[in-house]
Amino acid sequence: MTTVIAHRGFAGVNPENTVGAVRAATPRADRVEIDVVPCADGTPVVFHDPRLDSGPESRGVTDGSGVVADLSPDAVTATTVLGSGERVPTLARVCASTTVPLNVELKHSGREPEPRGPLPPSDRAAARERWAPFVDRVLTALDGRDILLSSFYEGALGAVRERDATVSLAPLCVDLPTGRELAARYDAGTIHPSLAAVRAADTVPTDRTVNVWTIRTWREARTAVGLGVDGVIADYPGLTRWL
């Protein structure tokens, strides 16, 4: 059976990354994917973009404004998402309000931007240190939960693995060689490549679970599964009906 992971709580039909979205997605998904970023004091909140309003790499999905990493948790969680009435939640609130297995993407550490993918050996320790405080807060909030942690950033993966040798990891990647490299380095049993990466690959790894993002149509779902993936990270429920 193909695993279905609800991308941001099935963002195509629900207000993304909210408690309401996670709850609504629970009956239709094996796992729900959410994004986490830090507020100014390091508190993990469930949000995707750097800003609450529109701006660089931000779509303006709330009625608030400002950079999340510069704001207090109270300021961030007072905002509503896409006029839905659902507020931006803390990770702790999502964990307290839901029980579904989670795929938590570590979006950024709240510091200066860093390159995605593998780092030179000389840069890895510093990257782990940058991510460590936020990763500690995330893992504390998720204690006891069925989780899969994913990230594009080697520092995040390294910080998780340094803190916990058993937690499930999934490097995110736009090419499979990068995913394979990081999965081997951090003992990750899962890889999350883009659909384009899977289409471009000669073969899909069979020694690890491969969940592909972001699937938006039933035809994309059928293509991905036909190429040999194990799961789809999907914006809509029901996309595997025609497999």
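Counting of residues starts from 1 at the beginning of each chain's written sequence and follows it residue by residue. Given that the model is predicted, a residue must reach a pLDDT of at least 70 before its local features are reported, and side-chain atom pairs must reach 80 or more before they are shown or counted; all residues, however, enter totals for whole chains, interfaces and linings. Each side-chain value is derived from all of the structure's non-hydrogen atoms; neither hydrogens nor water enter the calculation.

1. Digging into the layout of surface pockets
Turning to step 1, where the next piece is worked out: The calculated volume of the largest pocket comes to roughly 590 Å³.
Turning to step 2, where the next piece is worked out: With a 1 Å grid spanning the protein atoms alone, the term cavity applies to any set of points in which a 1.4 Å probe fits but cannot get out, the term pocket to an open set with protein on both sides within 12 Å along at least five of seven lines, and the term lining residue to any residue with an atom within 4 Å of a point. P50, E57, H108, P113 and Y153 are the residues nearest the centre of the largest pocket, which is lined by 18 residues in total.
Turning to step 3, where the next piece is worked out: Of the residues in the lining of the largest pocket, the class split is 6 nonpolar, 4 polar and 8 charged.
Turning to step 4, where the next piece is worked out: Grid points are joined across faces, edges and corners, and a volume is the space filled by probe spheres set on the points. Considered as a void within the structure, the second largest pocket measures approximately 280 Å³ in volume.
Turning to step 5, where the next piece is worked out: Forming the boundary of the second largest pocket are 19 residues, of which H7, R8, E105, W213 and T214 lie nearest the centre.
Turning to step 6, where the next piece is worked out: Elements are defined by DSSP. Helices are runs of H or I of four residues or more, strands are runs of E of two residues or more, and each kind is numbered from the N terminus. When contributions to the lining of the second largest pocket are tallied by element, the ones reaching two or more residues are β2 (31–38), β6 (102–106) and β10 (209–215). Three classes are used, and their members are as follows: Ala, Val, Leu, Ile, Met, Phe, Trp, Tyr, Cys and Pro are nonpolar, Asp, Glu, Lys and Arg are charged, and the others, Gly among them, are polar.

2. Quick look at helix α6 (residues 176–185)
Turning to step 1, where the next piece is worked out: Here α6 has its buried residues at L176, T178, G179, L182 and A183. Down the axis of α6, the sector holding all buried residues measures 155 degrees, keeping them to one side. Residues P177 and A184 are exposed on α6 and point more than 90 degrees away from its buried face.
Turning to step 2, where the next piece is worked out: Where the residues of α6 are buried, they touch α5 (154–163), β8 (168–173), β9 (190–193) and α7 (195–200).
Turning to step 3, where the next piece is worked out: Immediately beyond the C-terminal end of α6, within one or two residues, lies D187, with a positive phi of roughly 50 degrees. Note on exposure labels: buried denotes an accessible area under 20% of the residue type's maximum, exposed denotes more than 50%, and partly exposed covers the range between, all computed with a 1.4 Å probe on protein chains only. Note that the arc is computed from the directions linking the helix axis to the C-beta atoms. The contact criterion used throughout is that any non-hydrogen atoms of two residues lie within 4.5 Å.

3. With respect to the environment of V104
Turning to step 1, where the next piece is worked out: Its place among the elements puts V104 in strand β6.
Turning to step 2, where the next piece is worked out: Among the residues examined, V104 registers a relative accessible area of 0% and is labelled buried.
Turning to step 3, where the next piece is worked out: Measuring from C-alpha to C-alpha, the distance between V104 and A170 comes to 9.8 Å, with 66 residues separating the pair along the chain.
Turning to step 4, where the next piece is worked out: Non-local contacts of V104, meaning those with residues more than four positions away in its chain, are made with I34, V36, V138, L142, L148, L149 and S150.

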